[in-house]
Number of protein chains: 2
Amino acid sequence: MTARGAQAIRLGFSSRSGAQMRTLNAALALFAEHGVGATSYQMIADASGVTKGAIYHQFKTKDEIIIAVAEMELAKLDDALEAAEAEDDSDVARELLLNRIVDHAVEHRQGANTFQFDPVLVRLLSGHAPFQRFVERLYGMLVGDDEGPDKLVRLAALTCVVGGTVAHPLVAEVDDETLRTQMLNVVRQLVGLPQPTTRAGRAARSRTPRTASA
Amino acid sequence: MTARGAQAIRLGFSSRSGAQMRTLNAALALFAEHGVGATSYQMIADASGVTKGAIYHQFKTKDEIIIAVAEMELAKLDDALEAAEAEDDSDVARELLLNRIVDHAVEHRQGANTFQFDPVLVRLLSGHAPFQRFVERLYGMLVGDDEGPDKLVRLAALTCVVGGTVAHPLVAEVDDETLRTQMLNVVRQLVGLPQPTTRAGRAARSRTPRTASA
DNA sequence: GTCTATATGAAGATAGAC
DNA sequence: GTCTATCTTCATATAGAC
């Protein structure tokens, strides 16, 4: 496996200055709270503690900010995807990938929701080739070749559960570790993966950064 | 069971004029397509074929339109909820309710998504008492008394699957009947309901408007 | 990298004629 | 119920000084 830096190339991820990172993180939080369509340039500037003029120096348009935020978040899953693609056993690969994805979603909660369901974000990304390629790799790992309607529906349901459940008011009081465990049970059931007492499950989990480095 | 009209009182649903209904349907379609935050009063007026002034005569603020759209959609599920609450057998009740909810979601696709995940809509409704009462009744029917973390997570996942899957790009090409069937399989599995060959399943489905009147 | 100042348009909203 | 006209505020975006 190549060094971590490879993710940048594969996703078309540009390196960002410190000021740009502050902007993107402020934007991410606002997008999650209000939705992309209801977040203004002014709000982002205020949250970053600088003026609009400063932000416009970093990103020429609002769309550029949206795309950059999406790329920043997606890049965090690129590692996991590469690791999964390098696995021989497809069950091990899927278990590993699901663990990382659920970890990421639980860590971000509201942000995961935005990314999956915000109409403005989704529309912008649907015209963004690097994003499309990434999603196709992701889906490929999760369903494989069989693309019958039942598989498609289960895969769609899986992405909804991962992106939506973490931000749901019903689980607001559930602590991260419990949420992680229960969500993994649900998504394993959804895609027909055996539960974690099996050999494949233990093998995959032992490869996550949570217990050991990739 | 009371007459159909009862739904209006229970949800706080006001009766609307023809012009108001045209406005609400136009707004619903735009909310689904662009998100609530990215839909302007002007867009709604254009889609309705009238001017902003005419719309302001029907609804004093944009928030009023949003609430009215939500009430209109929710009222469509009120019937199903009442029917489920009148059932003795909780498995039959849940099977019936899930059938109706999935029917409704598949029928609307993009609209169901908005309703579940749009940040502006969700925030507005969270301060709207009739909506809160309705959702609590709905959740009560689906989980019952046991409110452990696993049940909460599964219920949250259920609502995400119902609201999100129907609008997912992956299932855009799946026809309504297939989507309905597959989604029901998924949601039954999520809440631990037996699959449809059982007595409870047949009994519940025989009570839906699809095969017989309630 | 950050600021101020400014241009241009669209947002939500109101008043009042038809 | 619908229209035009108008108000104010805020949106995206640019120019140019520090």
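Scroll up to find the structure this text is about.
Now for a quick tour of the structure.

Rules of the game
Residues numbered from 1 in each chain as written. Chains lettered and ligands numbered in written order. Predicted model: local features only at pLDDT ≥ 70, side-chain atom pairs only at ≥ 80, totals over all residues. Heavy atoms only, no water. Phe/Tyr/Trp six-rings, centres within 6.5 Å; stacked < 30°, edge-to-face > 60°. Helix = DSSP H or I, 4+ residues; strand = E, 2+ residues; numbered from the N terminus. Buried < 20%, exposed > 50% of the residue type's maximum accessible area, 1.4 Å probe, protein only. Near = heavy atom within 4 Å. Polar contact = N/O pair within 3.5 Å; in protein donor to acceptor, adjacent residues only side chain to side chain. Least-squares fit on C-alpha atoms with pLDDT ≥ 70 in both. Contact = heavy atoms within 4.5 Å.

As for the packing of aromatic side chains
All names here are of chain B. Tallied over the entire structure, the rule returns five aromatic pairs over all chains. Where Tyr41 meets Tyr56, the ring centres are 3.8 Å apart and the plane angle is 5°; that geometry is what we call stacked. In this pair, Tyr41 sits in helix α3 (residues 41–48) while Tyr56 sits in helix α4 (residues 52–58), placing the two residues 15 residues apart along the sequence. Residue Tyr41 is classed as buried on the basis of its relative accessible area of 7%. On the basis of relative accessibility, which here comes to 41%, the residue Tyr56 falls in the partly exposed class.

With respect to the protein's contact with DNA strand C
Around DNA strand C lies a shell of 18 residues, among which Ser17(A), Thr51(A), His57(A), Tyr41(B) and Tyr56(B) are the nearest. Here DNA strand C approaches the protein such that, of its atoms within 4 Å, sugar and phosphate make up 61%. The contact in question runs from a phosphate oxygen of DNA strand C to an N or O atom on the side chain of Gln58(A), over 2.9 Å. The separation between a phosphate oxygen of DNA strand C and a polar main-chain atom of Tyr41(B) is 2.7 Å. Elements that contribute at least two residues to the surface near DNA strand C include exactly α2 (18–34) and α4 (52–58) of chain A together with α3 and α4 of chain B.

Topic: the relation of the copies chain A and chain B
For the match of chain A to chain B, the screw axis carries a shift of 0.0 Å, the RMSD comes to 0.1 Å, and the turn is 180°. Such a combination of turn and shift is consistent with a two-fold rotation axis. Within chain A, the C-alpha atom positioned nearest to the axis of rotation is that of Gly37(A), 2.5 Å from it. When you check the interface residues of chain A against chain B, 100% turn up at the interface there too, and the contact is symmetric in its surfaces.

In short, geometric facts, not functional conclusions.
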